[in-house]
Structures are given as C-alpha cells and as structure tokens.
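Tertiary structure, described
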Amino acid sequence: MKSDIIFKTKGGNHYLLDKNREMAIYLSPDLKKAIQEPDNATNEYYNAKSKWLINNGFFNPMVTNFTTITKESIDNQIENLEQIVFEVTDNCNLDCKYCGYGTLYENYDVRKKNKMSTMMGKTLLDYFFELWNNSKYKPNPPRRIYLSFYGGEPLLNMPFIKEMVQYTLQHPSKFYYFENTMTTNAILLDKHMNYLVENNFSLLISLDGSVANNAYRVYPSGKPSFDKVYNNIKLLQNTYPEFFKKRVSINSVLHNKNSVSDIHKFIKEAFNKVPSTGSLNSSGIKEDKRDEFHEMFKNLQQSFNESDNYTELSKEMYFSIPNKRTLVEFIFAYSGNVFRHYHDLFLEKAIKERRQTGTCVPFEKKLFVTVNGKILPCTTVGQNYPLGFITNDKVELNSQYLADKYQHYYDKLNEQCKECFKLDSCKECIYFMVSKNKHFVCNKYLNESDFRNQLSFVYTEMENTPAEYKNILENINIE
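Now for a quick tour of the structure. Predicted, not measured: the structure shown is a model, and the values here were computed from it.

Description of the overall build of the chain
The secondary structure content of the chain amounts to 16 helices and 17 strands. The C-alpha radius of gyration computed for the chain amounts to 25 Å, which stays within 12% of the reference 23 Å derived for 479 residues, consistent with globular compactness. Dimensions of the chain along its principal axes, counting C-alpha atoms only, are 80 × 55 × 50 Å. A total of 479 residues make up the chain; the buried ones form 48% of that total. Counting only contacts in the chain whose residues sit at least 6 apart along the sequence, the fraction spanning at least 24 positions is 71%. A total accessible area of about 24,400 Å² is found for the chain, and carbon and sulfur atoms account for 48% of it. Both charge centroids of the chain, one from 60 positive and one from 57 negative side chains, sit 2 Å from each other.

Here we look at the packing of helix α4 (residues 118-133) against helix α5 (residues 158-169)
Relative to each other, α4 and α5 sit at 25°, their axes nearing to 10 Å. As summarised for this structure, α4 and α5 are arranged roughly parallel, according to the angle between their axes. Considering only the axes of α4 and α5, their crossing is right-handed. On α5, the residues that touch T118, G121, K122, L125, D126 and F129 of α4 are F160, E163, M164, Y167 and T168. Classifying every residue of the contact of α4 with α5 by side-chain character gives 5 nonpolar, 3 polar and 3 charged.

Topic: the sheet that holds strand β1 (residues 4-8)
Read across the open sheet, the 3 strands follow the order β1-β2-β3; overall the sheet is antiparallel. Edge strands, defined here as strands with exactly one partner in the open sheet, are β1 and β3 (23-27). Along the sheet, successive strands turn relative to each other by an average axial angle of 25°, direction set aside. Of the strand pairs in this sheet, strand β2 (residues 14-18) and β3 are connected by 5 bridges, and their pairing is antiparallel. Across the sheet, L17 pairs through a bridge with A24, a residue of β3. Along the sheet, helix α1 (residues 29-36) makes contact with β1, β2 and β3, crossing β3 at roughly 110°.

Re the sheet that holds strand β7 (residues 176-184)
Backbone hydrogen bonds hold the strands of a sheet together, and the pairing may be parallel or antiparallel. With respect to topology, 10 strands assemble into an open sheet ordered β10-β9-β8-β7-β6-β5-β12-β13-β14-β15, the strand pairing being mixed. Two strands lie at the open edges of the sheet, namely β10 (276-278) and β15 (395-396), each paired on one side alone. In this sheet, β15 lies alongside strand β14 (residues 388-390) in antiparallel orientation, the contact comprising 2 bridges. Bridge assignment links F389 to a residue of β15, and that residue is E396.

Re the nonpolar core
One broad rule of soluble globular proteins: the nonpolar side chains tend to lie buried together. F86, F149 and L203 are the most contacted members of the largest nonpolar core, which has 90 residues in total. No other element matches the 7 residues that helix α14 (residues 399-418) contributes to this core. Those residues in contact with F149 that sit more than four places away from it in its chain are F86, V88, P154, F160, I161, M164, V165, T181, M182, T183 and F201. Within the second largest apolar cluster, 20 residues are counted, among which are I5, L327, V328 and L455.

Observations regarding the packing of aromatic side chains
By the definition in use, this model includes 35 aromatic pairs. Arranged with centres 5.9 Å apart and planes meeting at 40°, the rings of F129 and Y167 form a pair that is tilted. Of this pair, F129 sits in helix α4 while Y167 is found in helix α5, placing the two residues 38 residues apart along the sequence. According to the relative accessible area criterion, F129 is buried, its value standing at 6%. Ring centres of Y150 and F368 lie 5.7 Å apart, and the angle between their planes is 85°; this geometry places the pair in the edge-to-face category.

Considerations on unusual backbone geometry
In this structure, P141 follows N140 across a cis peptide bond, with omega equal to 5°. Its location among the elements puts P141 in the loop between α4 and β6 (143-150). Following G151, the chain continues to G152 via a peptide bond in cis, the omega torsion being 15°. At K113, a residue that is not glycine, the phi angle is positive and equals roughly 60°. Position of K113 relative to the elements: it lies in the loop between β5 (83-87) and α4. The backbone of N272 shows a phi angle near 55°, a positive value even though the residue is not glycine.

Details of the pattern of salt bridges
In a structure, side chains of opposite charge can pair up when their charged atoms sit close to one another. Here the structure, examined in full by the defined rule, presents 23 salt bridges. The partner of D109 in a salt bridge is K374, with the nearest N and O atoms 2.8 Å apart. Taken together, the residues D109 in the loop between β5 and α4 and K374 in strand β13 (residues 374-376) connect sequence positions 265 residues apart. Using a relative accessible area of 16% as the deciding quantity, one classes K374 as buried.

Topic: the pairing of β6
Pairing geometry for β5 and β6, over 5 bridges, is parallel. Bridge pairing in β6 links V85 to S148. As judged from the 7 bridges shared by β6 and β7, these two strands associate in the parallel manner. Residue pairing for β7: S148 is matched across the bridge by T181. The β-α-β motif built from β6, the intervening α5 and the parallel element β7 has right-handed crossover chirality.

The rules behind each value
Residues numbered from 1 in each chain as written. Predicted model: local features only at pLDDT ≥ 70, side-chain atom pairs only at ≥ 80, totals over all residues. Heavy atoms only, no water. Helix = DSSP H or I, 4+ residues; strand = E, 2+ residues; numbered from the N terminus. Rg over C-alpha atoms; globule rule 2.2 N^0.38 Å. Buried < 20%, exposed > 50% of the residue type's maximum accessible area, 1.4 Å probe, protein only. Contact = heavy atoms within 4.5 Å. Areas by Shrake-Rupley, 256 points an atom, 1.4 Å probe, with all protein chains shown as cover. Lys, Arg positive; Asp, Glu negative; His and termini not counted. Charge placed at Lys NZ, Arg CZ, Asp CG, Glu CD. Axes fitted to C-alpha atoms, helices over the stretch in contact; angles between N-to-C directions. Parallel < 35°, antiparallel > 145°, perpendicular 65-115°, else oblique. Left-handed = near helix turned anticlockwise from the far one by under 90°. Nonpolar A, V, L, I, M, F, W, Y, C, P; charged D, E, K, R; others polar. Pairing = 2+ DSSP bridges. Core = buried A, V, L, I, M, F, W, Y, C linked by side-chain atoms within 4.5 Å. Phe/Tyr/Trp six-rings, centres within 6.5 Å; stacked < 30°, edge-to-face > 60°. Salt bridge = Lys/Arg side-chain N within 4 Å of Asp/Glu carboxyl O. Right-handed = clockwise from strand over helix to strand, strands pointing away.

Shown next, in the form of structure tokens:
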C-alpha cells in the first residue's frame, strides 16, 4: 500500500499526505510537477525539494506494524477501568418500538423481568476494590470511576441502586472515588429524584422531542409516554434548577417521526438543553424485520443537511454532525498535533503501531455486566458475546483467554486491514462486522480512490472554514 497520497481539493489546491508520518503538506504546482514528472520539471529549487522528500523517507511503502493484544495489556485496562455499568434490570415500564432489546433485534438475552442481585453487584465491586487497593500504581490525585446504572429501566430496581451507592461509600480509598450516573426514561423520576439529587447523579434522560416526535416511546399498552416524561423532567428542572442545569442531559433517537431540527428546537425551548442525537442501531436486526427497520430509519447527516437552522445546529451540535465528526477524527489521526496519552509527550516512535479496526481493547472504556451476569466490553455489543461471567460469589474473567481470543480475531483481519486506507482513523468495531466462512467482512473498507475523495472533502472543509482547525484542536474532546 502507498504511504503517500496526492489529492486535490475543490478549490484546486494539491496536498501530499504521508501516512507513515501522519503529516500533510501543501504542494505548489511546481513541487507537484517535480514529484510526479521529474523528467519534465525545470525548476531547480522544487527539484531539489522533491529529492529532499524522497531522501528523507517520503514515498516509502506503507509500514504497518500491528499491535499485539497481550494478557498484560488487558490486565492494564482492567486495573485502570474508568466505568462500571450495571444492567440493573431487564424489565422496562415502556415498550419503545425501536428499543435495542425489542422485537426488531435478536442479539440480546431474552427479557424475563429479572433484577440484578445485590450480592452479584457487591461481588464485582469487591473484585475491583481489592485490585485497585493492591495495585502497584498509586494514582495521585485519586482516579474517578463512573458507577453507572442501566436497564431496562434502572429506576425499577431502586433497592439495588441504593445498595451499590452505599457500598461504595462504605469502602473509601485514597486511590479512587466514584461518581454516579444513570440512563433513564424518566417515568419514575418524580418518585426518586430527591435521592438522585442527594447523591449527585448525572442523568441521561431519553426523549425524542414533542408529542408527535416521541410517538415510538409508548407504554406496553400502546399509550403514549410523552406527558408523564415531560412533566417529570419539568418537575426536576423546577425543583432543582442548579442540579438540572449541571447534571442532566437529554438523549434523542432520530427516526421517521422527527428530525434533528425538530428535536433541537423542542428540547432547547422546553428545557434549555442541547440534546445528543443519534440514529437507530443497525446491528443485530432480525432478518424479517429489516423492512420495518428501514421504514423507521433516518440518515443523521441528511437530517442535518435538510435543517433550516443548520448554522445554529453546527455551533451547538458540532460533534453530532457526521461530516464534522469525520473532520475531527481525521485531524485526530493525521495532524500530528494530538497526543493519545501523556507518555507520548516524552516517547517518540519512528513508526507507530497500528491496531486492526477501531475495536477497543477489552475494558478500555468500560465494563458492562448484564442482569444475567455476563461481562461485556460495553452496552452496544450484543449480549451473545460475553467476555466473562459473574455470580453471587465470584468473578470469572480470564485475561489470557481474552488476549488469545482478540488476537485470533485480529489475525483474521490482518490482510484486509493492511490494504484499507481508513486504517488510521477506523472506528469499526469487530462485533458489528459480518462473519462469513469464519472470516470477518468489514463494510467500511476504504480503497485508495475513496480515501482520496475523503481527503479532498476534509481539506476542502478546512480551506473553506480555516478557523475550524483551531477550534477543533482547542475545544473538541474525543472520548
């Protein structure tokens, strides 16, 4: 594969991207000619500059040193875990039509209205208390660990939530502390908001906009949930205005009964909040439900493009816009001005190690435990892919087994990833790939022509709005 790609923007300018160095340079017409037509180039200065680039390693073949997943790397992620997510219950008081655990999908355990036992929760916390307190790494100041509650609807199992919060308070440490978070549909918010405020929870509340926009979020009887949810959110806002301002976020799902503009307008006017907005989950759909899914699905970028208030949306929802996110992720991968870890400030590698796909190392971001005791890397991965198990008295988590498992997956993708021009900015998770004949097939594979088109789009954007580059480096966070 080529390391160096020459591409042209809509403004007529040419650039050279060297993927080995994560470096892009502007090409004047004379320098471009010296590189591409050395026998016909007559400008001695640019001929010399072209030779300098060649002599200093430009135009060498792409060097792809893939990282190896080891027991040590997984142990390190477990020891430095940032978030524990409990599936408090698989029961829910709503029956949202597009729910990831609903009739459209097949990659989750059967919902039996189970509740997680406090013994199971305490067993997992004890596992981490011992690990963190006996670690050779002694963080100073102490690390923040997010303790997150998820469902189903987590407020249906408040005894578990209260017990877990109390248990963490009973086990203080000078090396870590906990911050409580929850994703909720707000149906029971009026009954439990005092407790949530007292314990300084961060709340992510689900609401898709107005009555009409929220039509898919219904009770099992089919009755709309909007009035109850809206009134409960307003009750929280009016009762605890400072808490609401600082600790409450609203998440909306885009579908064929709303638009990005509809959602933004309603949530902003009703609650003075800018919602996070995402598309329907396209992974794990039942074969006989695909037509129904596609009828509901709406493209996020298209919805932004069709908005009359796009300028306002681009200011307030910048990172939610897919094209803007592409720009951010490109700068993150190729600008050379991003440091993924503070160690990178002191250590320099001639050629960085690359990772096949955008799949996280297990527990790189979080650990999710289901109501049935399955340990998963996150809430979006199907529950048919457990990485370990937990019972009331033990945690079964074998990092050597996981390292071998992931390395086996990656080895199957080596040749495909080596030829993909999106490798350095890949966000595709292996769990969402199609598996055919025991091999993974990535639908996001990018050939040279498509990559050149992406480069042209990114650099055209930066030429047209040069302030965006500075804005991204200074104000955008990628988690």
